[in-house]
Amino acid sequence: MHHTTVLLIELGAVILGLGLLARFAGRIGMSPIPLYLLVGLAFGQGGLLPLSTSEEFIEVGAEIGVILLLLMLGLEYTASELVTSLRTQYPTGIVDLVLNATPGAVAGWALGWGPVGIIALAGITWISSSGVIAKVLADLGRLGNRETPVVLGVLVMEDLAMAVYLPLLTALLAGLSLAGASLSLTIALGTAALVLFLALRHGRLISRAVSSENPEMLLLVVLGLTLLVAGVAQRLQVSAAVGAFLVGIAISGEVAHSARSLLTPLRDLFAAVFFVFFGLSTVPANIPPVLLPALALAAVSVATKILTGWYAARRAGIGTKGRLRAGGALVARGEFSIVIAGLAAGAQPGLRPVATAYVLILVIAGPLTARWSEPVVRGLRGLGRGGRPAGSLPPPAGGGGAEVGAGRS
């Protein structure tokens, strides 16, 4: 059969399958990310039906998926919001780093990995999934809750930290010396600072330069600019993802809103392709041997993220129930953990299956901890006082009105 014909059949089957899985995941109230990873495992090396033709095309789509994920993340924030978060949330950011990167670093050391593997696994356990968490909060009706700005503040700090972490990891992967890595990091920080300065002082001019009332022109300009900047950033050993993130920050106002609505379907498509490609690159037979370490690491990560949320909410003066909900909401790992693993997998054998198992566990556990952390603890306390048993817990609090009272308790 002709090469192009096989390519179209394989791509069509994969994309159609992803669409059906996403619909199924939506109906049962879970993230589709684990299903995308399982599709990749099924059609990858050693899977049920390996793809023979379309893997190279999917690899390119996966690169675009990472870039669009970071671009859309940057479009969510204005430069002033990021600066405010830096000023007010940095103690929480430090606690988040220490509590959640340490288990990954210790696990990498215990597995006998080198510096790149240790730093990569530390990043995988550190960064929560902004996409999964935002969806869970919306599904639970908690966007108006008092603890929700605290959760978003932690996510903003992690996203900003990626602008430092990814260039450092990229430099280590490129085999640069300490001086070379320092230069790469200096370039990244200088670029980020310059973009923030320009966005604060001249954000309207930048947005006006890319603005267009024609949706087609706006889509082409923003997407083309993002890919160009991402490529230049990669050339400078900074990270294509960071370049895309900075483009998103530089665009603000109505232009950013219009760009988000145009790019969201593209982001969703290529992000799904990215998760499939990561699964394609993982040999399913390599996962069972690392399942127990991944489970242990996931259990520790659940505890450390809940502690992070508790600390952040306490700093904001939120009560016990809100602190537990904030911690439970931060548990999910997803896109950024996979991005980090995808970057470093070639340099550290064994990283890919550990990351796949770890993300599969926590992307499923995250929505459960977000929903049940607070009522389960409340039920256990009730049992300790001879009160209502945990099995008869009422549904967790939903909207913001319920939280205002709960947050002060």
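**Considering the side chain of Glu158**
In this structure, Glu158 sits in helix H7 (residues 148–173). The contacts of Glu158, once residues within four sequence positions are left out, are Asp96, Trp126, Ile127, Ser128 and Lys305.

**Focus: a nonpolar patch on the surface**
Where nonpolar side chains cluster on the molecular surface, the patch consists of Tyr90, Ile94, Leu97 and Val98 and spans about 380 Å² of accessible area. Topologically, Val98 is positioned in helix H4 (residues 79–110).

**Focus: the packing of aromatic side chains**
If you walk through the whole model with that rule in mind, you get 1 aromatic pair. Relative to Tyr165, the ring of Trp126 lies with its centre 6.2 Å away and its plane at 85 degrees, an arrangement referred to as edge-to-face. Placement of the pair is Trp126 in helix H5 (residues 115–126) and Tyr165 in helix H7, with a sequence separation of 39 residues. The ring of Trp310 carries the charged tip of Arg323 above its face, separated from the ring centre by 5.2 Å.

**Examining the nonpolar core**
Looking at soluble globular proteins, one finds that nonpolar side chains tend to be buried together. If you look at the biggest cluster of nonpolar residues, it comprises 103 residues, and the most contacted ones within it are Leu70 and Ile340. If one sorts the elements of this core by residue count, helix H11 (residues 253–280) sits on top with 14 residues. When near neighbours in sequence (up to four residues on either side) are disregarded, Leu70 contacts Ala241, Ala244, Phe245 and Phe336.

**Some remarks on the environment of Ser207**
With respect to the element layout, Ser207 can be found in helix H8 (residues 178–210). Beyond its immediate chain neighbours, meaning those up to four positions away, Ser207 contacts Ala250, Ile251, Ser252 and Val255.

**Looking at the pattern of salt bridges**
As enumerated under the stated definition, the model contains 4 salt bridges in all. One salt bridge connects Asp96 with Lys305, and the closest N-O pair in it is separated by 3.0 Å. With Asp96 in helix H4 and Lys305 in helix H12 (residues 291–315), the pair connects residues that are 209 residues apart, well separated along the chain. Taken as a pair, Asp96 and Lys305 share a single burial class, namely buried. Between Lys305 and Glu158 there is a salt bridge, and its shortest N-O distance comes to 2.5 Å. One end of the pair, Lys305, is in helix H12; the other, Glu158, is in helix H7, and 147 residues separate them in sequence. Given the relative accessible area of 0%, Lys305 is considered buried. Several salt bridges converge on common partners, so that one network encompasses Asp96, Glu158 and Lys305.

**Points about the packing of H11 against helix H14 (residues 335–344)**
Where H11 meets H14, the closest approach of the two axes is 11 Å, and the angle between their N-to-C directions is 50 degrees. Considered as vectors, H11 and H14 are oriented oblique to each other. Note that H11 runs across H14; the crossing there is left-handed. Touching Phe274, Phe275 and Phe278 of H11 are Glu335, Ile338, Val339, Ala341 and Gly342, all from H14.

**Let's talk about the side chain of Arg352**
Checked against the element boundaries, Arg352 lands in helix H15 (residues 351–384). Judged by relative accessible area, Arg352 falls into the buried class, the value being 18%. Beyond its immediate sequence surroundings of up to four residues, Arg352 is in contact with Phe278, Ser281, Thr282 and Ala345.

Criteria and thresholds
- Residues numbered from 1 in each chain as written.
- Predicted model: local features only at pLDDT ≥ 70, side-chain atom pairs only at ≥ 80, totals over all residues.
- Heavy atoms only, no water.
- Helix = DSSP H or I, 4+ residues; strand = E, 2+ residues; numbered from the N terminus.
- Contact = heavy atoms within 4.5 Å.
- Patch = residues over 30% accessible without salt bridge, like charges linked within 9 Å, V, L, I, M, F, W, Y side chains within 5 Å.
- Areas by Shrake-Rupley, 256 points an atom, 1.4 Å probe, with all protein chains shown as cover.
- Salt bridge = Lys/Arg side-chain N within 4 Å of Asp/Glu carboxyl O.
- Phe/Tyr/Trp six-rings, centres within 6.5 Å; stacked < 30°, edge-to-face > 60°.
- Lys NZ or Arg CZ within 6 Å of the ring centre and 35° of its normal.
- Core = buried A, V, L, I, M, F, W, Y, C linked by side-chain atoms within 4.5 Å.
- Buried < 20%, exposed > 50% of the residue type's maximum accessible area, 1.4 Å probe, protein only.
- Axes fitted to C-alpha atoms, helices over the stretch in contact; angles between N-to-C directions.
- Parallel < 35°, antiparallel > 145°, perpendicular 65-115°, else oblique.
- Left-handed = near helix turned anticlockwise from the far one by under 90°.

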